[in-house]
Amino acid sequence: MMQQNNHRVRIGIDVGGTFTKAVALDTITGDILAKSTIPTTHFAKTGVSEGILDALHNTIKESGINPHDIELISHSTTQAINALLESDTAKVGIIAMGVGPEKKDVINRTDLHDTSINPEHDIKSCHAFLDTSHLITTDEVQSAIRDLQDKGAKVIVATESFGVDDPSNEEFVMKTASELDVLSTASHEVSGTYGLEIRTLTAVINASVIPKTFQVARFVEDTICNSGITAPLMIMKGDGGVTSMDTFKTKPILTILSGPAASVAGALLYLRITNGIFVEVGGTSTNICTIKNGRPEFKYVTIRDHPTCVRSMDVRVLGVAGGSMVNMQNNRVWRVGPRSAHIAGLKYACFAEPDVLRAGKIVMIKPRESDDEYVAIQCKDDTFAITNTCAANALGLVDKDDYSYANQESAKIAMDMLARYAGMSSFAEIAQSIINTASFDIMKTITKIIQEFKLDSNSVQVIGGGGGASVLVPFVAKQLQLQYVKAKHADVISSIGVASSMLQEELEQSMVNPTPEQINIAHKKIHTVMVEKGAVPESIVIDSQYIAEKSILRITASGNVNLDSSETSRSVFTLDDLKCRASEILCMPKDSIDLGFESDHYAIFVGHVAEKRLFGKKNRHPFLVLDRFGRMKKSVKNGKIFQGGKISILEDLDDYLESRGGDVAPQIYLVNDLKLVDYSGLTSPNHILDAIRQELDENERAAILVEF
């Protein structure tokens, strides 16, 4: 391929259970310059890291891009979740701290041998206690660390009651561990919420995979550096943002569901889906996520029945996909998956030569010792798996130009052999049985999602992504009588999502009735973290939300990495794009919506609705705040907007609050160039005015939304 010039390139690499896929994306045009797909290197000496580097180098070679044009390399990872699910974890030494009289209580809440915290005893740990009623010394900490090492600990966790308010003791333990060349983390690093048990549990789960992820991170970083590529290396998190490799080394738990989040990020940032159920079918698993008003749903992650403080996209992961093998019982299809052909080390029968298959015979195999038996075709020199992809191709469900399109003759031969083995009348009967069985859990999950989120089944859209999208998703949509759309570049949509994502961080802090000063300090703290991790300061957007029932202030920040900017990023929406999305979300025609306020990073749209009443009409004005990437940040069913100069905004708002009467203020939000501030934690009108005055002192250009 000819040398490409004047490109600004991002490379996204998605590590799936079956394949590792890389794309080179031109950030200005959005064009895909090259892509590479290789089998995921589960069994290589350096694990999946080897595949990451091979895919990267193949992409650079195919595209002919200059490595100096690469501004960012981002990748998803399966390392943390696989290590946790397979119990490939290190023993963790817990150093719990508290004042003497609290010792028994602190130990009960932090020692994971307690069956109420660790009922299955699947987390390997040992425990020490330090009395902080006096200033703890280096000797005390070193002695505790060495005692824990003698008990088999490979990594240390420091945890203390109220360590989120004053983390100095936890930081001192980490510093001492570092001086002893021992890996460590602390509970305040993984969460800013109170709750010593769950914070400690989350920190220990995180620490248990640090030795593995630290090694992987170092290997990938060193190899990329030695290849002459100077672009920053980022890693995907479960919330759909990317973060630095330093985070992966110290907080790998944040990358849980990294792979599934990558596909959703592609749907949001590249396909710009506003509403729908996104179903990504890979070779090993299927990921399902709800996108509502341009945003995915989120939840706290549970790992092997252990609750954590970590929030991630609400992605339902099912162990069935394009490469899933068939389990038979009593000559009938009993189950499809969870074992995939790739993990079994087998090729798909539908990609074999017809003459090779004809000479074969049906056999039952156990890919791994603990597996059930699965169907395969044993030939002279090879053994082939019968998969969902084989069944779909035999039934003619896959289009010729599709990634999953295979040799139709081979697919029918494989199905015919299995049909005769099972005593069925035709290849179509057994193939349809495989697709029906494989699709059952997907249909059940989508039905549950529609009910859970109260979606309108008449308008909900199912979007298929992943290399195996055409194998299962159109069939599922048809059975459920839902609209179906196949994603553009479905086979590499996860890699596109990784390449398109922005740096994103979230901070949760326990607060009761947060003051303006506390909110401002928290905003500055997360802004500093973003800059330290490589975000362009002027691109950082900060949102805050107070969850009163949990007494938590949740602050999220997103920003562009390195050279990317709001002027050139393809994922940035034009005003017309934003208005179209506002129309979709508000379910109103575009001509009934006006632009109420525009800043560098936000646009506020105002709808105009005349509602009939018994004695005339009443006007209602819904408001919608979108960021420049089309994501809904706030929706208000009816409200009022105040804008202008600092003095006029404060005077108008003060007059309005006085005219209402009462001591409790309405819901009020401030939008300026960089922030959307939710003042729901403040109920006093005077407190709200003080907080807004403080924000306007720093940035006078703002709009105030009042919710009726």
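Residues numbered from 1 in each chain as written. Predicted model: local features only at pLDDT ≥ 70, side-chain atom pairs only at ≥ 80, totals over all residues. Heavy atoms only, no water.

Here the focus is the side chain of glutamate 505. Mapped onto the fold, glutamate 505 is located in strand E25 (residues 503-510). Within polar-contact distance, the side chain of glutamate 505 engages the side chain of threonine 243 at 3.0 Å. Once residues lying within four places of it in the same chain are set aside, the contact partners of glutamate 505 are Lys237, Thr243, Ile526, Val529, Met530, Lys533, Ile555, Thr556 and Ala557. (Helix = DSSP H or I, 4+ residues; strand = E, 2+ residues; numbered from the N terminus. Polar contact = N/O pair within 3.5 Å; in protein donor to acceptor, adjacent residues only side chain to side chain. Contact = heavy atoms within 4.5 Å.)

As a further point, take the sheet that holds strand E22 (residues 383-385). Spatially, four strands are ordered E19-E22-E21-E20 in an open sheet, and the strand pairing comes out mixed. The sheet is open, and its two edges are formed by strand E19 (347-348) and strand E20 (361-365), each paired on a single side. Where strand E21 (residues 374-378) lies against E22, three bridges are found, and the strand directions are antiparallel. Its bridge partner being in E22, glutamine 378 is matched across the sheet by threonine 383. Contacting E20 and E21, helix H14 (residues 408-422) crosses the sheet at an angle of about 75 degrees to E20. (Pairing = 2+ DSSP bridges. Axes fitted to C-alpha atoms, helices over the stretch in contact; angles between N-to-C directions.)

A cluster of acidic residues, Glu651, Asp652, Asp655 and Glu658, forms a negative patch at the surface. Tracing the backbone through its elements, the reader meets glutamate 658 in helix H20 (residues 646-660). (Patch = residues over 30% accessible without salt bridge, like charges linked within 9 Å, V, L, I, M, F, W, Y side chains within 5 Å. Areas by Shrake-Rupley, 256 points an atom, 1.4 Å probe, with all protein chains shown as cover. Salt bridge = Lys/Arg side-chain N within 4 Å of Asp/Glu carboxyl O. Lys, Arg positive; Asp, Glu negative; His and termini not counted. Charge placed at Lys NZ, Arg CZ, Asp CG, Glu CD.)

A word on the pattern of salt bridges. Counted by the stated rule, this structure contains 28 salt bridges. Between glutamate 221 and lysine 249 there is a salt bridge, with its nearest N and O atoms 2.9 Å apart. One end of the pair, glutamate 221, is in helix H8 (residues 210-226); the other, lysine 249, is in helix H9 (residues 245-250), and 28 residues separate them in sequence. Here lysine 249 falls in the buried class, since its relative accessible area comes to 13%. (Buried < 20%, exposed > 50% of the residue type's maximum accessible area, 1.4 Å probe, protein only.)

As enumerated under the stated definition, the model contains four aromatic pairs in all. Centroid distance tyrosine 348 to phenylalanine 351: 5.8 Å. Interplanar angle 45 degrees. Geometry classified as tilted. The exposure class assigned to tyrosine 348 is buried, which follows from its relative accessible area of 14%. Relative to tyrosine 656, the ring of phenylalanine 642 has its centre 5.9 Å away and its plane inclined at 55 degrees; by these criteria the two rings are tilted. Placement of the pair is phenylalanine 642 in strand E34 (residues 639-643) and tyrosine 656 in helix H20, with a sequence separation of 14 residues. Accessibility expressed as a relative area gives 7% for phenylalanine 642, which makes it buried. Judged by its relative accessible area of 17%, tyrosine 656 is buried. Cluster of aromatic residues (ring-pair linked, three or more members): Phe642, Tyr656 and Phe708. In this arrangement the basic side chain of lysine 21 is found over the ring face of tyrosine 403, its NZ or CZ atom lying 4.4 Å from the centre. (Phe/Tyr/Trp six-rings, centres within 6.5 Å; stacked < 30°, edge-to-face > 60°. Lys NZ or Arg CZ within 6 Å of the ring centre and 35° of its normal.)

For H8, built from 17 residues, the straight-helix expectation of 24 Å at 1.5 Å per residue is met to within 8% by its first-to-last C-alpha distance of 24 Å. Turning to H8, its buried residues number three or more, namely Ile210, Thr213, Val216, Ala217, Val220 and Ile224. On an axial view of H8, the arc spanned by its buried residues comes to 135 degrees, and they lie on one face. Seen from the buried face of H8, the exposed residues on the opposite side, beyond 90 degrees, are Gln215, Cys225 and Asn226. Residue glycine 228 follows H8 closely and has a positive phi angle near 90 degrees. (Expected span 1.5 Å × (residues − 1). Arc of directions from axis to C-beta.)

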